[in-house]
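# Commentary on secondary and tertiary structure
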Amino acid sequence: MTRLRIAEIFGPTIQGEGALIGEPTIFVRSGGCDYRCNWCDSLQAVDPAFRRDWAAMSTGTVWDRVRELSGGRPLTVSLSGGNPAIQDFGPLIAQGRAEGYRFTCETQGSVAKPWFSDLDTLVLSPKPPSSGETVDWGKFTDCLDAAQEGPKVVMKIVIFDETDYNWARAVADRYPMLPLYLQPGNPVVDPDLPIDPQTLSDRLLWLVGKVTADGWFTPRVLPQLHVLLWGNKRGV
Ligand SMILES: C[S@@+](CC[C@H](N)C(=O)[O-])C[C@H]1O[C@@H](n2cnc3c(N)ncnc32)[C@H](O)[C@@H]1O
Ligand SMILES: Nc1nc2[nH]cc(C(=O)O)c2c(=O)[nH]1
Ligand code: SF4
Ligand SMILES: [Mg+2]
């Protein structure tokens, strides 16, 4: 049986970002990513230097842990990472949905999987120039196609600067059918360092100022609520 590489499973907490912000959620964070974003806030699930901390778990064992953390009450499970789309979460989703749980997946849109169509929500987060990565739009479109008529698909873009902002505007024009969420980038992601609430609020203010000054009224602008509450602490 294939095993899943899992960096951490935690919750219930609240979803801190995007379309499902505030929703009670269990997170299953997979290990391994095909990207290396300059500002990744989850390097412990990306950098192979942390490989020894990733557990090789069967679908059944992952599911037992989710059930235990949720006290058996069906809630929302977020598959994040790393890039969860480099692994096979189909059997986990099937198991959970049979018990009434809902599933969402966070991915950058670089790898499409058939199991996307079994999700309730697919969050595609294409990476802006500041990340140092370059989006393959063919692959991104493959992800949309894999979702088919299944989940609600939304887009979430992290904005660090003016260049990212202009890039996000062009991407929005390209995918007008996708509800769009913008979140300011967090420049300090080291779990051992405190966040600077003033910097985060200045960045959010700047982004709100941009969209309102431009009369760009389609995206929703949101902070990372969990970062405001807990800083860069892991497992929340
Ligand atoms: C760690 S990623 C994991 C899922 C997937 N690899 C992705 O990037 O969509 C989860 C979310 O955190 C966002 N993110 C990562 N680092 C961030 C930072 N420094 N500031 C704000 N958002 C960040 C990503 O853009 C993504 O939307
Ligand atoms: N509370 C909370 N909300 C989140 N939204 C996206 C997260 C992620 O790292 O994927 C995340 C996370 O790690 N914690
Ligand atoms: S794609 Fe996501 S997990 Fe991978 S490096 Fe970028 S932000 Fe981190
Ligand atoms: Mg995160």
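Residues numbered from 1 in each chain as written. Chains lettered and ligands numbered in written order. Predicted model: local features only at pLDDT ≥ 70, side-chain atom pairs only at ≥ 80, totals over all residues. Heavy atoms only, no water.

## Overview of the overall build of the chain
- Across its full length, the chain holds six helices and nine strands.
- In summary, the chain has a C-alpha radius of gyration of 17 Å against a globular reference of 18 Å for 236 residues, a match within 12%.
- Considered along the principal axes of its C-alpha atoms, the chain spans approximately 50 × 40 × 35 Å.
- Counting over 236 residues, the chain shows a buried share of 52%.
- In the chain, the proportion of contacts linking residues at least 24 apart, taken out of those at least 6 apart, comes to 71%.
- Here the chain displays about 10,800 Å² of accessible surface, and carbon together with sulfur accounts for 52% of that area.
- For the chain, the centre of its 23 positive side-chain charges and the centre of its 28 negative side-chain charges are spaced 4 Å apart. (Helix = DSSP H or I, 4+ residues; strand = E, 2+ residues; numbered from the N terminus. Rg over C-alpha atoms; globule rule 2.2 N^0.38 Å. Buried < 20%, exposed > 50% of the residue type's maximum accessible area, 1.4 Å probe, protein only. Contact = heavy atoms within 4.5 Å. Areas by Shrake-Rupley, 256 points an atom, 1.4 Å probe, with all protein chains shown as cover. Lys, Arg positive; Asp, Glu negative; His and termini not counted. Charge placed at Lys NZ, Arg CZ, Asp CG, Glu CD.)

## Observations concerning the site of ligand 1
- Near ligand 1, the surroundings consist of 21 residues, among which Trp-39, Gly-82, Gln-108, Lys-127 and Asn-186 are the closest.
- One of the side-chain N or O atoms of Lys-127 is found 2.8 Å from an oxygen atom in ligand 1.
- Note that a nitrogen atom of ligand 1 is positioned 2.9 Å from one of the backbone N or O atoms of Asn-186.
- Here ligand 1 has 550 Å² of accessible area as a free molecule, and 96% of this is covered by the chains.
- Using a 2 Å cut-off from the grid points, one finds that ligand 1 occupies the largest cavity. (Near = heavy atom within 4 Å. Polar contact = N/O pair within 3.5 Å; in protein donor to acceptor, adjacent residues only side chain to side chain. 1 Å grid on protein atoms, 1.4 Å probe; cavity = no way out; pocket = protein on both sides within 12 Å on 5 of 7 lines; lining within 4 Å. Sits in = over half its atoms within 2 Å of the grid points.)

## Comments concerning the environment of Leu-20
- In this fold, Leu-20 is placed in the loop between β1 (4–14) and β2 (24–30).
- Look at Leu-20 and you get partly exposed, because its relative accessible area is 22%.
- Separated by 101 residues in the primary sequence, Leu-20 and Thr-121 have C-alpha atoms spaced 9.1 Å apart.

## A word on helix α4 (residues 162–174)
- An ideal rise of 1.5 Å per residue puts 18 Å on 13 residues; α4 measures up with 19 Å between its terminal C-alpha atoms.
- Residues Asp-164, Tyr-165, Trp-167, Ala-168, Val-171 and Ala-172 constitute the buried set of α4. Looking straight down α4, one finds its buried side chains confined to an arc of 160°; they lie on one side.
- Residue Asp-161 occupies the N-cap position of α4, its side-chain oxygen lying 3.2 Å from the main-chain nitrogen of Thr-163. (Expected span 1.5 Å × (residues − 1). Arc of directions from axis to C-beta.)

## Focus on the pattern of salt bridges
- One pass over the full model with this rule turns up ten salt bridges.
- A salt bridge links Glu-17 to Lys-156; the shortest N-O distance between them is 2.6 Å. Of this pair, Glu-17 sits in the loop between β1 and β2 while Lys-156 sits in strand β7 (residues 152–159), placing them 139 residues apart in sequence.
- We note a salt bridge from Glu-68 to Arg-65, for which the minimum N-O separation is 3.0 Å. In this pair, Glu-68 and Arg-65 both sit in helix α1 (residues 59–69), three residues apart, roughly one turn of the helix.
- Residue Arg-65 is classed as partly exposed on the basis of its relative accessible area of 32%.
- Connected through shared salt-bridge partners, Glu-17, Glu-106 and Lys-156 make up one network. (Salt bridge = Lys/Arg side-chain N within 4 Å of Asp/Glu carboxyl O.)

## Describing the sheet that holds β1
- One open sheet holds the nine strands; their spatial order is β3-β1-β2-β4-β5-β6-β7-β8-β9, and the pairing between them is mixed. Every interior strand has two partners, whereas the edge strands, β3 (55–57) and β9 (220–221), have only one.
- Against the sheet, α1 engages β1, β2, β3, β4 (76–80) and β5 (102–107), with an angle of about 15° to β1.
- Along the sheet face, α4 touches β7 and β8 (180–184) and points at about 160° away from the line of β7. (Pairing = 2+ DSSP bridges. Axes fitted to C-alpha atoms, helices over the stretch in contact; angles between N-to-C directions.)

The quantities given are spatial measurements derived from coordinates; they are silent on function.
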